[in-house]
Amino acid sequence: MAGVQVSNVSRSFGAHKALDDVSIDFADGGFYALLGPSGSGKTTLLRQIAGFDFPDSGRIAIGGESVERVPVEKRRIGMVFQNYALFPNMSVADNVAFGLSVRGEAKAVIATEVQRALDLVQLGKLGGRRPHQLSGGQRQRVALARAIVTKPRVLLLDEPLGALDKALRVDMQIELKRIQREIGITTIFVTHDQEEALTMSDRIGILRDGGLVQEGPPEEIYDRPRSEFAATFLGDANIFRGDATGNGIRLADGTAIAAGSGPTLVAGAKASCAVRPERIQIAMDAGATDGDANMLKGQVSKRIFAGNNSTYFVDRAGQTLKVIVQNTGADRLTEGQDVVLRWSPASTVLIAAS
Amino acid sequence: MAAQGAVAARSGLRSALPLLAPAYLWLTVAIFLPLSAMVFFSFMTDLPLTGKPWAFTLGNYAAFFSQSLYLTLLLASLRLGLEVTLWCIVIGYPAAYVLAKVLKGRSREAIFLLVILPFWSNGLVRIFSWAMVLREGGILDTALNAVLPFKINIDLMYSYPAVIIGLVHSYVPYMVLTCYLTLQAIDDSLIEAGRSLGASRLQVLKRVIIPLSLPGLVAGAALIFVPVVGSFMEPRILGGRTGTFYGTVIEDQFVAVFNWPLGAALSFILLAVVLVILAVASPVLRRAA
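Residues numbered from 1 in each chain as written. Chains lettered and ligands numbered in written order. Predicted model: local features only at pLDDT ≥ 70, side-chain atom pairs only at ≥ 80, totals over all residues. Heavy atoms only, no water.

**A word on the overall build of chain A**
Note the following rule: The way it works is that DSSP assigns letters per residue, a run of H or I at least four long becomes a helix, a run of E at least two long becomes a strand, and they are numbered from the N terminus. Note on exposure labels: buried denotes an accessible area under 20% of the residue type's maximum, exposed denotes more than 50%, and partly exposed covers the range between, all computed with a 1.4 Å probe on protein chains only. The contact definition used throughout considers only heavy atoms, calling two residues in contact when any of these lie within 4.5 Å. For the area figures, the Shrake-Rupley method with a 1.4 Å probe applies, and any residue is considered shielded solely by the protein chains shown. His is not counted here, nor are the chain ends, while Lys and Arg score as positive and Asp and Glu score as negative. All charge positions are set by atom: Lys at NZ, Arg at CZ, Asp at CG, Glu at CD.
Looking only at helices and strands, one finds eight helices and 20 strands in chain A. Within chain A, the fraction of its 354 residues that count as buried is 51%. Here the contacts in chain A between residues at least 6 apart in sequence split such that 66% fall between residues at least 24 apart. With the model as given, the accessible surface of chain A reaches about 15,800 Å², and the carbon-plus-sulfur share is 48%. Charged side chains in chain A number 41 positive and 40 negative. The centres of these two groups are separated by 5 Å.

Printed below as a string of structure tokens:
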């Protein structure tokens with residue numbers, strides 16, 4: 001087992017900079033998600049760590065040992081592919097045995113290890129099947145067993161749950177997490193699904209256009225995004241743009257919005273504030289005024305009922321804000337109604353303009 | 001519901017008939033009828049066309065078994081087929097691999113075109129150009145002696161290697177094409193998965209790529225082996241005196257000796273032998289694939 005250090009790694013394909021000076025430290029035993037839209041460089045980064053492709057510059061270390069010029073077969077990594085990449089000409093057991101067998105392990109050792117790996121992914125009885133006889137979820141488990149049976153130093157997963165349907169995906173998320181805890185392997189997981197990244201990982205790295213936008217625990221990125229992109233890509237956010245004041249921003253129409261966290265900015269600099277839709281309270285009138293709270297007036301333009309909650313779209317001064325209200329049994333607001341929005345500065349993050 | 005389905009199926013067949021008919025009519029007229037005539041001839045003492053009296057006989061088939069020459073030539077032709085097929089694999093498979101897995105875009109198209117080029121040239125022209133290359137004082141001889149500091153004599157003309165060279169040249173595109181198709185269908189991520197599990201490129205080739213492309217190798221081998229065993233043009237032109245094979249003997253019966261019944265019988269014995277070989281080999285190959 002080992003940690004992975006990526007330091008100042010850049011990689012270009014022709015004129016396209018796929019990775020631009022990326023540095024991330026993946027600690028030993030952690031579960032990391034690399035999150036980003038397509039073309040953000042997350043898969044390119046994973047392939048650099050795996051060794052399918054070498055960086056133009058920078059350093060990659062696994063367990064403290066520089067590997068950026070070591071080919072994939074010598075890196076002792078385990079990888080799970082998006083389409084599982086099971087060998088169709090082999091049985092499930094032979095698929096799992098492949099890594100041990102090319103290494104020249106004894107037959108008896110291979111048989112024991114393969115059975116243990118298949119038991120771990122709860123497919124102990126299916127060793128004799130062919131990959132095409134398995135369901136998507138089962139193939140996923142075989143791919144995982146095959147990747148971990150060689151006791152790799154790092155486990156790399158390239159959108160491994162992307163091809164599964166929603167219910168199965170949630171099961172596999174839990175399963176993957178359980179197996180990862182059980183063997184304690186450093187795991188790096190590429191996904192474009194923000195929910196998957198939030199629920200599974202210890203830390204998330206958000207990538208965009210080949211650069212690392214923000215890295216940290218899911219709670220930290222969600223609660224204190226450092227850019228508009230991080231705020232809107234991981235979860236939903238209402239963004240206000242204006243000029244920085246001492247403790248927030250002033251909008252074009254003069255409304256002040258106070259922010260409880262964020263960088264210290266020079267007064268007058270361009271800045272934004274982000275607030276999550278579920279942090280905003282919506283009411284028909286101002287009610288008891290709380291001196292600190294941010295307050296805006298608007299009009300409900302649309303309501304979407306989703307059972308456990310409702311999403312209100314509120315128009316105000318040319319901007320549409322999103323508010324999510326839990327279904328507590330309280331009266332629902334109707335479209336066209338004038339409303340007052342209130343949220344605390346603690347729920348507001350100040351973001352420097354990029 | 002069921003009746004409706006049956007009607008739909010019947011009308012489906014009826015509407016398909018105009019599409020199927022030309023092909024089947026053509027096959028009947030062009031292959032089945034002449035072939036039936038040949039089967040008929042092979043049991044005759046003489047051709048009815050010549051006006052001589054004729055009778056039914058098994059003598060033409062008996063001739064194969066009574067004279068060891070025919071068996072010797074058949075074995076030589078089978079060996080020729082095997083050798084040409086092996087050379088086509090040795091030369092064609094790596095080329096197919098590079099085409100399918102290494103080259104992309106325009107360079108792939110260009111190389112592909114070069115592979116198919118022999119198909120577009122006339123077979124006879126192709127063989128006679130080899131004769132120009134291989135004979136003493138020919139292109140190969142002159143070129144090598146111009147480059148090399150010492151004198152060597154290259155005269156491959158009228159030899160077994162010349163026959164092999166000519167046949168491999170004619171048939172290697174089949175191997176490239178069939179292998180290219182199966183290799184191209186192998187997902188690149190399988191190769192990457194093999195390497196991520198610690199397998200060297202050679203191990204991935206042996207344990208993943210070759211087993212998965214075996215159907216292409218088998219198809220290519222069948223497409224090459226069968227016609228090469230019966231070939232006569234290359235052996236005759238490039239082999240000269242050494243180029244007497246089963247196929248050239250059959251050809252002689254038709255164009256030189258005018259013993260069509262014997263030629264037909266020898267042909268059907270060859271067909272039977274080839275079918276037996278394919279039948280014996282197919283379960284083994286299918287299991288491997």
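Once the structure has been displayed, the description carries forward.
**Looking at the domain arrangement of chain A**
How big an interface is tends to be reported as the loss of accessible area on association of its parts. Operational definition: The start and end points of each domain follow an automatic or database-based domain assignment.
Assigned domains within chain A: domain 1 (4–223) and domain 2 (236–352). Distance from the C-alpha centre of domain 1 of chain A to the C-alpha centre of domain 2 of chain A: 39 Å.

**Observations concerning unusual backbone geometry**
Phi at Gln122 of chain A takes a positive value of approximately 60°, unusual for a residue other than glycine. Structurally, Gln122 of chain A is set in the loop between α3 (107–120) and α4 (136–148).

**Topic: the sheet that holds strand β17 (residues 309–316) of chain A**
Residue and element names in this part refer to chain A. Basically, it comes down to this: A strand pair is defined by DSSP finding two or more bridges across the two strands. Simply put, an axis is a line fit to the C-alpha atoms, just over the touching stretch for a helix, and the angle between two N-to-C directions goes from 0 to 180 degrees.
Reading across the sheet, the five strands line up as β15-β19-β16-β17-β18 and stay open at both edges, with antiparallel pairing between neighbours. Both outer strands of the open sheet, β15 (281–283) and β18 (319–326), are each paired with one neighbouring strand and no more. In this sheet, neighbouring strand axes are inclined to one another by 45° on average, regardless of whether the strands run parallel or antiparallel. When β15 meets strand β19 (residues 338–343), the two strands line up antiparallel, connected through three bridges. Bridged to Ile282 within β19 is Leu341.

**Observations concerning the pattern of salt bridges**
Residue and element names in this part refer to chain A. What counts is decided by this rule: What counts as a salt bridge is simple: a side-chain nitrogen of Lys or Arg found within 4 Å of a carboxyl oxygen of Asp or Glu.
If you walk through the whole model with that rule in mind, you get 27 salt bridges over all chains. In this structure, Lys42 engages Glu159 in a salt bridge whose closest nitrogen and oxygen atoms are separated by 3.8 Å. Residue Lys42 is located in helix α1 (residues 42–50), and its partner Glu159 is located in the loop between β7 (154–158) and α5 (166–183); the two are separated by 117 residues in the primary sequence. Here Glu196 and Arg169 are joined by a salt bridge, their closest N and O atoms 3.7 Å apart. Of the two residues, Glu196 is situated in helix α6 (residues 194–200) and Arg169 in helix α5; the sequence distance between them amounts to 27 residues. Salt bridges sharing common partners tie together Arg141, Glu175, Arg178 and Glu182.

**Focus: the side chain of Ser272 of chain A**
All names here are of chain A. Here is the rule: For this analysis, a polar contact is any N or O atom pair within 3.5 Å, provided that within protein one partner can donate a hydrogen and the other can accept it, and provided that sequence-adjacent residues contribute only side-chain to side-chain pairs.
Within the fold, Ser272 resides in strand β14 (residues 270–275). Residue classification places Ser272 among the buried positions, given a relative accessible area of 2%. Within the local environment of Ser272, its side chain forms a polar contact with the side chain of Glu228, the two groups lying 2.6 Å apart. Setting aside anything within four residues of it in sequence, one finds Ser272 in contact with Glu228, Ile239, Phe240, Arg241, Ile249, Val349, Leu350 and Ile351.

**Regarding the pairing of β19 of chain A**
All names here are of chain A. Taken across its six residues, β19 has five buried, putting it largely inside the fold. The pairing of strand β16 (residues 294–305) with β19 spans six bridges and is classified as antiparallel. Note on β19: the bridge partner recorded for Asn294 is Trp343.

**Overview of the packing of helix α5 (residues 123–134) of chain B against helix α7 (residues 160–184) of chain B**
Residue and element names in this part refer to chain B. Quick note on the threshold: Roughly parallel covers angles under 35 degrees, roughly antiparallel covers those over 145, roughly perpendicular covers 65 to 115, and oblique covers all other angles. Note on convention: the crossing is left-handed when the near helix lies turned anticlockwise from the far helix by less than a right angle, right-handed when the turn is clockwise. Residue type decides the class: Asp, Glu, Lys and Arg count as charged, Ala, Val, Leu, Ile, Met, Phe, Trp, Tyr, Cys and Pro as nonpolar, and the leftover types, Gly among them, as polar.
Orientation of α5 relative to α7, taken along the N-to-C sense of each, is 135°, at an axis distance of 10 Å. One way to sum up the angle between α5 and α7 is to call them oblique. Where α5 crosses over α7, the handedness of that crossing is right-handed. Residues Arg126, Trp130 and Leu134 of α5 touch α7, and the partners they reach there are Ala162, Ile165, Gly166, His169 and Ser170. Class assignment for the residues of the contact of α5 with α7 results in four nonpolar, three polar and one charged.

**Here we look at α5 of chain B**
All names here are of chain B. Heads up, the rule is: The span you would expect from a helix comes to 1.5 Å times its residue count less one. In this description, the arc belongs to the directions extending from the helix axis to the C-beta atoms.
Across its 12 residues, α5 extends 17 Å between first and last C-alpha, which sits within 8% of the 16 Å expected from 1.5 Å per residue. Within the sequence span of α5, burial applies to Gly123, Arg126, Ile127, Ala131 and Leu134. Buried residues in α5, looked at end-on, bunch into an arc of 145°, giving them a common side. In the core, the buried residues of α5 are packed alongside α4 (105–120), α6 (139–147), α7 and α10 (233–239). Measuring from the backbone nitrogen of Leu124 back to the side-chain oxygen at the start of α5 gives 2.7 Å, which picks out Asn122 as the cap.

**Overview of the interface of chain A and chain B**
Note the threshold: Reported buried area values correspond to the accessible surface (1.4 Å probe) lost by two parts on association, with both partners' losses combined.
Across the contact, 21 residues belong to chain A and 17 residues belong to chain B. Contact between chain A and chain B buries roughly 1,700 Å² in total, counting both sides, with carbon and sulfur atoms accounting for 60%. Among the residues chain A hides against chain B, the three largest losses belong to Glu73, Phe98 and Val102 of chain A. Together they make up 31% of the total. In this structure, the connection of chain A to chain B is made through two salt bridges.

**A word on the nonpolar core**
Worth spelling out the cut-off: We define a nonpolar core as any set of buried Ala, Val, Leu, Ile, Met, Phe, Trp, Tyr and Cys residues linked to one another through side-chain atoms lying within 4.5 Å.
Core analysis: the biggest nonpolar cluster contains 68 residues, and Phe26, Leu45, Leu156 and Ile188 of chain A together with Val84 of chain B have the highest contact counts within it. For this core, the leading source of residues is α7 of chain B, giving 11 residues. Excluding its chain neighbours within four sequence positions, the residues that come into contact with Leu156 of chain A are Leu46, Ile49, Ala50, Ile77, Gly78, Met79, Val80 and Ile188 of chain A. Ala97, Val114, Ala117 and Phe233 of chain A belong to the second largest nonpolar core, which has 45 residues in total.

**Here's the deal with the pairing of strand β11 (residues 238–244) of chain A**
The two faces of the sheet receive side chains in turn, since in a regular strand these alternate between them. Residue and element names in this part refer to chain A. Burial analysis of β11 places five of its seven residues in the buried class, which makes it a mostly covered element. Where β11 meets β14, six bridges bridge the pair, whose relative direction is antiparallel. Looking at the pairing, Ile239 lines up with Ala274 of β14. The pairing of β11 with strand β12 (residues 248–250) spans two bridges and is classified as antiparallel. From the neighbouring strand, Asp243 faces β12, where its bridge partner is Arg250. Linking two consecutive strands that pair antiparallel, namely β11 and β12, is a turn of three residues.

**Quick word on the sheet that holds strand β3 (residues 31–35) of chain A**
Pairing between sheet strands relies on hydrogen bonds along the backbone, with the strands arranged either parallel or antiparallel. Residue and element names in this part refer to chain A. In space, the six strands of this open sheet follow the order β6-β7-β8-β3-β9-β10, with mixed pairing throughout. At either end of the open sheet lies a strand with only one pairing partner, and these are β6 (77–80) and β10 (211–216). Looking at each pair of strands side by side, their axes are set apart by 20° on average, direction ignored. Across four bridges, β6 lies against β7 in parallel orientation. Along β7, the bridge assignment pairs Gly78 with Leu155. Running at roughly 170° to β6, α4 makes contact with β6 and β7 of the sheet.

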